[in-house]
Amino acid sequence: MDKNRQILITILIFMTLTLVVSIVKISLTMTEQKEISFNINPNAPGVGVVTLYGAITTVSSNGFTSVKGSDEVVAQLGRYSDDPKIRAIVLRINSPGGTVGATQEIFRKVMEIRQRNIPVVASMSDMAASGGYYVASAANYIFANQGTVTGSIGVIVSSPSFQKLFEDLGIGMNVIKSGQYKDILSSSREITEEERALLQELVDVTYTQFLKDVSLGRNIPISDFREYADGRIFTGSQALGYHLVDEIGTYENALAKAKELAKLPSNAPIYTDKQNAIDQFFGALNSRLNTKLTIIPDIETSAFSVIEYRYQP
Amino acid sequence: MIEKIRSLIWADYLLYTLINTRQAGQLLNRSECFIKSTLVLPLIYAFFSIISSSLIHEQSTFFFHKIGYGSFFIIGTTLLQVFIIAMSIGFILQLFKVEVKLPVIFSIINLSYLPKLFILPWALFWSSANFATGPMYLAGIILFWGLSSITVIKLLIHTHDVSPLKATLSLFLPLIIFPVLFLLLIYDLFLLIINALI
């Protein structure tokens, strides 16, 4: 056999070995059989998933995150409830709460969907505190993880006071107002007793709305959870003991429960709002950046003082 | 058949395709119809492409279905690809008034799959190194496609006595001409339907 042919035979043996090694490598790193279901019917009845991540506000944050505003969440809930193929909805929550109006809008929408006999199952992730719990309480069934931070039933309003700092710096504010309370919670001066009483009344009214809505959503009297509704946070396990969640379970359990409530087969499709490739890219990028920056304390930089159903550690 | 394999003449074809296209061209011109024997290369490539693409990320047990009945589909599309490329090269060469040897062109296209077979060791290397497997796989596809195209052009030059320009055009011109013809056909059909409706 001449040298050239020997070279080629060597190449062929090399290729054969490569083939064998590749198949062995693929087999060794192989994961378990994934359930592969070919959904031939694009309108097959299934479960819609709505995510509620981050602080609840009316408007969505920028386009680079998965944080949706209440307008978008309500719109998505509306689309799903009007879609005949969506037979149940899973509300995936990871939120410390947010502004009162935005939270109540989502709560009302979920209640409206429930009244249309579309089961809604809430699945709590890391946190569903304050407004996050407010929204979850509207669901037919609530799942929490054992370590989910939830509760924080209460209302908060706060504003910084820079009066002493302004005095030290010799800065004064010229305020012309139409009424006594027009600049209530102004940072340039201390709050007065009358203003404090007024705000306390406002917080109490808003708090009562919270209690009533939780009572309505959970179908339990306020007296059953009133003693825990002092702003304290608790774990998912504790919340189960207080009857504020229905079961300890994961997102997968929530999907299964939604299918069960809607009498759907276990292989019924899951519908989510698909992100386009650009959103996915920036979402992943943002997620990476957030992971890197979590050691930096969250500093509230809002220039406005707002009344919130929000857990603020 | 067994004698043909034992004779190792096929080894000359394969080696010369890789290292000396002039001699490979001479062998192709001398030989009888070599289509059947060289057809094994696109078939192996089809199988290799499934394995190499499966190296990019973790597979489920569905992989065995892919290399089972899935390979029939890939083999079918690869053979169709060979047929279309060979016919389109023949068509363009005829436009250049070159005497076309269609069986040789088919053999050339089949042989051009030889450089592409190296995509498997390429993918295995980057997958084992765990370094940018996806992008490197894509780079490999482009690299070996380029080498394959060069092989076709060189073999056309040596087997059909055409200039490098004509050989290059015969390979790449169909990529421009056929989509244009297809669009014109669609346009004609569109006009036909509109005329029928109005």
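Further up the page is the structure itself.
In this text, all values refer to a predicted model and were calculated from it rather than measured experimentally.

Basis of the calculations
- Residues numbered from 1 in each chain as written.
- Chains lettered and ligands numbered in written order.
- Predicted model: local features only at pLDDT ≥ 70, side-chain atom pairs only at ≥ 80, totals over all residues.
- Heavy atoms only, no water.
- Helix = DSSP H or I, 4+ residues; strand = E, 2+ residues; numbered from the N terminus.
- Buried < 20%, exposed > 50% of the residue type's maximum accessible area, 1.4 Å probe, protein only.
- Contact = heavy atoms within 4.5 Å.
- Phe/Tyr/Trp six-rings, centres within 6.5 Å; stacked < 30°, edge-to-face > 60°.
- Lys NZ or Arg CZ within 6 Å of the ring centre and 35° of its normal.
- Polar contact = N/O pair within 3.5 Å; in protein donor to acceptor, adjacent residues only side chain to side chain.
- Salt bridge = Lys/Arg side-chain N within 4 Å of Asp/Glu carboxyl O.
- Nonpolar A, V, L, I, M, F, W, Y, C, P; charged D, E, K, R; others polar.
- Pairing = 2+ DSSP bridges.
- Arc of directions from axis to C-beta.
- Axes fitted to C-alpha atoms, helices over the stretch in contact; angles between N-to-C directions.
- Parallel < 35°, antiparallel > 145°, perpendicular 65-115°, else oblique.
- Left-handed = near helix turned anticlockwise from the far one by under 90°.

Chemist: Explain the overall build of chain A to me, and be specific about the residues and the numbers.
Modeler: Counting its regular elements, chain A contains 10 helices and 10 strands. Classification of the 313 residues of chain A by burial places 39% in the buried group. Sequence separation of at least 24 residues holds for 73% of the intrachain contacts in chain A that already meet a minimum separation of 6.

Chemist: Any details on the packing of aromatic side chains? Residues and values, ideally.
Modeler: On inspection of all chains with the given rule, the structure shows 14 aromatic pairs over all chains. Relative to Tyr242 of chain A, the ring of Phe234 of chain A has its centre 5.1 Å away and its plane inclined at 85 degrees; by these criteria the two rings are edge-to-face. The residues Phe234 of chain A and Tyr242 of chain A share a single accessibility class, namely buried. Judged by centre distance (5.9 Å) and plane angle (90 degrees), the rings of Trp122 of chain B and Phe144 of chain B are edge-to-face. Here the residue Trp122 of chain B occupies a position in helix 9 (residues 119-129), and Phe144 of chain B occupies one in helix 10 (residues 133-160), the gap between them amounting to 22 residues. A relative accessible area of 23% places Trp122 of chain B in the partly exposed class. Relative accessible area serves as the criterion here: at 9%, Phe144 of chain B is assigned to the buried category. Taken together, the ring pairs connect Trp122, Phe125, Trp126, Phe131 and Phe144 of chain B into an aromatic cluster. The positively charged end of Lys85 of chain A is found above the aromatic ring belonging to Tyr271 of chain A, 4.9 Å away from the centroid.

Chemist: Lay out the environment of Ser148 of chain B with the relevant residues and their values.
Modeler: Residues and elements named next belong to chain B. With respect to the secondary-structure elements, Ser148 resides in helix 10. Each C-alpha atom of the pair Ser148 and Leu114 lies 7.5 Å from the other, and the pair is 34 residues apart in sequence. When near neighbours in sequence (up to four residues on either side) are disregarded, Ser148 contacts Ser112, Pro115 and Lys116. Looking at Ser148, its side chain comes within polar contact range of the main-chain oxygen of Ser112, at 2.8 Å.

Chemist: Lay out helix 9 (residues 251-261) of chain A with the relevant residues and their values.
Modeler: Of all the positions in helix 9 of chain A, only Ala254, Leu255, Lys257, Ala258 and Lys259 of chain A are classed as buried. Its buried side turned inward, helix 9 of chain A meets strand 1 (46-53), strand 2 (86-95), strand 4 (120-129), strand 5 (141-144) and strand 9 (270-272) of chain A.

Chemist: Residues and numbers for unusual backbone geometry, please.
Modeler: Glycine aside, a negative phi is what most residues show, and trans is what most peptide bonds show. Residues and elements named next belong to chain B. One non-glycine residue, Lys97, lies in positive phi territory at about 60 degrees. Here Lys97 lies in the loop between helix 6 (62-95) and helix 7 (102-111). The phi dihedral of Asp161 falls on the positive side, at around 50 degrees, and the residue is not glycine. Here Asp161 lies in the loop between helix 10 and helix 11 (164-197).

Chemist: Describe the environment of Phe234 of chain A, and please don't skip the residues or the numbers.
Modeler: All names here are of chain A. Topologically, Phe234 is positioned in strand 7 (residues 233-234). Note on Phe234: relative accessible area 4%, which makes it buried. Put simply, Phe234 and Thr150 are 84 residues apart on the chain and 5.5 Å apart in space, counted from C-alpha to C-alpha. Excluding residues that lie within four positions of it along the chain, Phe234 makes contacts with Thr148, Val149, Thr150, Gly151, Tyr228, Ala239, Tyr242 and Leu244.

Chemist: Report on the side chain of Ser125 of chain A, specifying residues and quantitative values.
Modeler: Residue and element names in this part refer to chain A. Mapped onto the fold, Ser125 is located in strand 4. The class for Ser125 is buried, based on a relative accessible area of 15%. If we skip the residues at most four places from it in the chain, Ser125 touches Arg92, Ile93, Asn94, Asn145 and Thr148.

Chemist: I'd like a rundown of the interface of chain B and chain A, residues and numbers included.
Modeler: Interface extent is often summarised as the accessible area lost during association of the parts. Taken residue by residue, the interface counts 29 residues in chain B and 25 residues in chain A. The tally of links between chain B and chain A comes to 0 salt bridges. Where chain B packs against chain A, one counts 1 residue pair in polar contact (both at pLDDT 80 or more). Sorting the residues of the side of chain B that touches chain A by element identifies helix 2 (9-19), helix 5 (40-54), helix 6 and helix 9 of chain B as the ones contributing at least two each. Here the residues of the side of chain B that touches chain A sort into 20 nonpolar, 7 polar and 2 charged.

Chemist: Describe the pairing of strand 2 of chain A, with residues and values.
Modeler: All names here are of chain A. With 8 of its 10 residues buried, strand 2 lies for the most part within the structure. Sheet topology places strand 1 next to strand 2; 8 bridges connect them, and they run parallel. Its bridge partner lying in strand 2, Val47 is registered against Ala88. Pairing of strand 2 with strand 4 involves 6 bridges; the strand directions are parallel. Counterpart to Val90 in the pairing with strand 4 is Val121.

Chemist: Which residues make up helix 3 (residues 21-30) of chain B, and what values go with them?
Modeler: All names here are of chain B. When helix 3 is considered as a whole, its buried residues turn out to be Thr21, Ala24, Gly25, Leu27 and Leu28. One face of helix 3 carries all of its buried residues, which in axial projection span an arc of 160 degrees. Away from its buried face by more than 90 degrees, helix 3 exposes Arg22 and Arg30. Summarising the contacts, the buried residues of helix 3 are in contact with helix 2, helix 7 and helix 10.

Chemist: I'd like a description of the packing of helix 7 of chain B against helix 10 of chain B, backed by residues and values.
Modeler: Residue and element names in this part refer to chain B. The interhelical angle for the contact between helix 7 and helix 10, taken along N-to-C directions, is 155 degrees, at an axis separation of 10 Å. When the axis of helix 7 is compared with that of helix 10, the two are roughly antiparallel. In this structure, helix 7 crosses over helix 10, and the sense of that crossing is right-handed. Within the contact between the two elements, helix 7 uses Val104, Ile105, Ile108, Ile109 and Leu111 and helix 10 uses Val152, Leu155, Leu156, Thr159 and His160. Class assignment of the residues belonging to the contact of helix 7 with helix 10 gives a composition of 8 nonpolar, 2 polar and no charged.

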